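Structure assessment
Spelled out from the first residue to the last, the chains are:
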Amino acid sequence: MSDPATLEEYNRLATENSVISGFGLETSMTLACPGCAAKGFLPYRIIDSEEAMKKGAVCKECGRGFRMDFTYLDGGKQFEIVQTEGKDVPSYLPPIRRVP
């Protein structure tokens, strides 16, 4: 799969390719690739989301790797998507910080 040609196409694919399924403690989610919106990028059970997001994944379609870095502030939590490998994201997306 090549990168979507436009932001509109990327947004459509990202929405279609992000899936929530199951019920209760077995609820799971599969995120689309943050770089190309391909399906199947990061599957995880909702109760294991932070652990899965910190580990991240590499997209089988575009070869880009991403993970989420978490920051804890005053009882709250934030996360940032960072890129760990692969070519830069398409120019229509905001730049994503690269980390080793």
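A few points on the structure. This structure is a prediction, so every number in the text was calculated from the model and none was measured.

**A few points about unusual backbone geometry**
Phi at A37 is positive, roughly 70 degrees, even though this residue is not glycine. Checked against the element boundaries, A37 lands in the loop between β2 (28–31) and β3 (42–45). A residue is classified by how much of its surface remains accessible, and A37, at 0% relative accessible area, is buried. Its identity is not glycine, yet D74 carries a phi of approximately 45 degrees, on the positive side. Examined against the element boundaries, D74 turns out to sit in the loop between β5 (65–73) and β6 (76–85). A relative accessible area of 86% means that D74 is categorised as exposed.

**Details of the packing of aromatic side chains**
By the definition in use, this model includes four aromatic pairs. Relative to F66, the ring of F41 lies with its centre 6.0 Å away and its plane at 75 degrees, an arrangement referred to as edge-to-face. Of this pair, F41 sits in the loop between β2 and β3 while F66 is found in strand β5, placing the two residues 25 residues apart along the sequence. For the pair shown, F41 and F66 are each scored as buried. Taken together, F70, Y72 and F79 form an aromatic cluster joined through their ring pairs.

**Re the state of the cysteines**
Disulfide: a covalent bond formed between the sulfur atoms of two cysteine residues. Per the stated rule, a full pass over the model turns up zero disulfides. Cysteine C36 remains unbridged, with the sulfur of C59 as its closest cysteine sulfur at 3.7 Å. A relative accessible area of 0% means that C36 is categorised as buried. Cysteine C62 is unpaired, with the sulfur of C33 as its nearest cysteine sulfur at 3.8 Å.

Thresholds applied
Residues numbered from 1 in each chain as written. Predicted model: local features only at pLDDT ≥ 70, side-chain atom pairs only at ≥ 80, totals over all residues. Heavy atoms only, no water. Helix = DSSP H or I, 4+ residues; strand = E, 2+ residues; numbered from the N terminus. Buried < 20%, exposed > 50% of the residue type's maximum accessible area, 1.4 Å probe, protein only. Phe/Tyr/Trp six-rings, centres within 6.5 Å; stacked < 30°, edge-to-face > 60°. Disulfide = S-S within 2.5 Å.

Taken by themselves, the reported measurements are silent on function.
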